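# Observations on the three-dimensional arrangement
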Amino acid sequence: MSIKVKRSRAQPIGQVLKSSSDISNLMRQSRLIDQAQRHLRGHLPEEMREHIFVGGFSNARLTLISGQASWLSWLRFEQTRLLQLLHQLPGFEAVTGFHFKVRPVRPVVAPQRNTRALSQKASETLTQCAEDTQDSRLRGALERLASHAANKNTFS
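Residues numbered from 1 in each chain as written. Predicted model: local features only at pLDDT ≥ 70, side-chain atom pairs only at ≥ 80, totals over all residues. Heavy atoms only, no water.

## Points about unusual backbone geometry
In plain terms, the rule: Starting at the N terminus, helices and strands are each numbered in turn, a helix being any DSSP run of H or I of at least four residues and a strand any DSSP run of E of at least two. With a 1.4 Å probe rolled over the protein chains alone, any residue whose accessible area is under 20% of its type maximum counts as buried; one over 50% counts as exposed, and the rest are partly exposed.
You will see that N59, though not glycine, has its phi angle at about 50°, which is positive. Relative to the helices and strands, N59 is located in the loop between strand 1 (53-58) and strand 2 (61-66). With relative accessibility at 70%, the residue N59 sits in the exposed group. A positive phi angle, close to 60°, is found at A60, a residue other than glycine. Within the secondary structure, A60 is located in the loop between strand 1 and strand 2.

Next up, the structure:
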């Protein structure tokens with residue numbers, strides 16, 4: 001008995017997202033939450049902006065999250081103004097209120113790049129080693145490493 005497999009062709013990601021309703025709904029909701037967060041942060045005081053996050057949307061209420069209860073206490077007094085701001089955005093006309101939650105917030109931070117400086121003397125030493133090396137792969141590696149000198153003098 002043989003099993004015949006139908007070959008599937010690669011499809012553009014846009015077409016895949018359109019065909020899968022669950023994924024497209026999730027992507028749409030993600031875009032809306034990001035839009036709401038940017039819009040609200042733009043109208044908050046400067047010192048408060050990086051501490052307020054939009055956590056989600058359910059039962060016609062938007063969830064606002066902060067790591068400190070004091071920020072959320074201020075937002076509770078500003079609910080009517082925040083609702084008016086949200087109703088300006090398309091797709092947020094149905095928002096009737098907010099849920100406020102205090103949670104530890106750990107925003108995603110890109111790791112710092114670890115760079116090292118190579119001294120001019122070390123670069124010269126590596127270049128000399130590369131000139132004396134017979135193995136072409138090792139010579140290439142030494143030359144690439146020597147090229148990382150901080151102030152390599154190219155006029156000599």
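Now that the structure has been shown, we can carry on.
## Here's the deal with the pattern of salt bridges
Our working definition: We define a salt bridge as a contact between a side-chain nitrogen of Lys or Arg and a carboxyl oxygen of Asp or Glu at a distance within 4 Å.
Overall, the coordinates contain three salt bridges when judged by the stated rule. The partner of R38 in a salt bridge is D34, and the shortest N-O contact between them spans 3.1 Å. Linking R38 with D34, this pair stays in helix 2 (residues 21-42), spanning four residues, or about one helical turn. Note on R38: relative accessible area 55%, which makes it exposed. What makes D34 partly exposed here is its relative accessible area of 38%. Of the charged contacts, one joins R81 and E78 as a salt bridge, the two residues approaching to 2.8 Å between their closest N and O atoms. Classification of R81 as partly exposed rests on a relative accessible area of 30%.

## Overview of the packing of helix 3 (residues 69-77) against helix 4 (residues 79-87)
Quick note on the threshold: Convention adopted: a line fitted to C-alpha atoms gives each axis, helices being fitted over their contacting stretch, and angles between N-to-C directions are expressed from 0 to 180 degrees. Comment on the angle field: the value is read as roughly parallel under 35 degrees, roughly antiparallel over 145, roughly perpendicular from 65 to 115, and oblique elsewhere. Two residues form a contact once any of their heavy atoms are found within 4.5 Å. By the convention adopted, Pro, Cys, Tyr, Trp, Phe, Met, Ile, Leu, Val and Ala count as nonpolar, Lys, Arg, Asp and Glu as charged, and the other residues, Gly among them, as polar.
At a closest axis distance of 5 Å, the pairing of helix 3 and helix 4 adopts a crossing angle of 75°. The angle between helix 3 and helix 4 places the two elements in the roughly perpendicular class. Within the contact between the two elements, helix 3 uses W74, L75, R76 and F77 and helix 4 uses Q79, R81 and L82. Here the residues of the contact of helix 3 with helix 4 are counted per class, giving four nonpolar, one polar and two charged.

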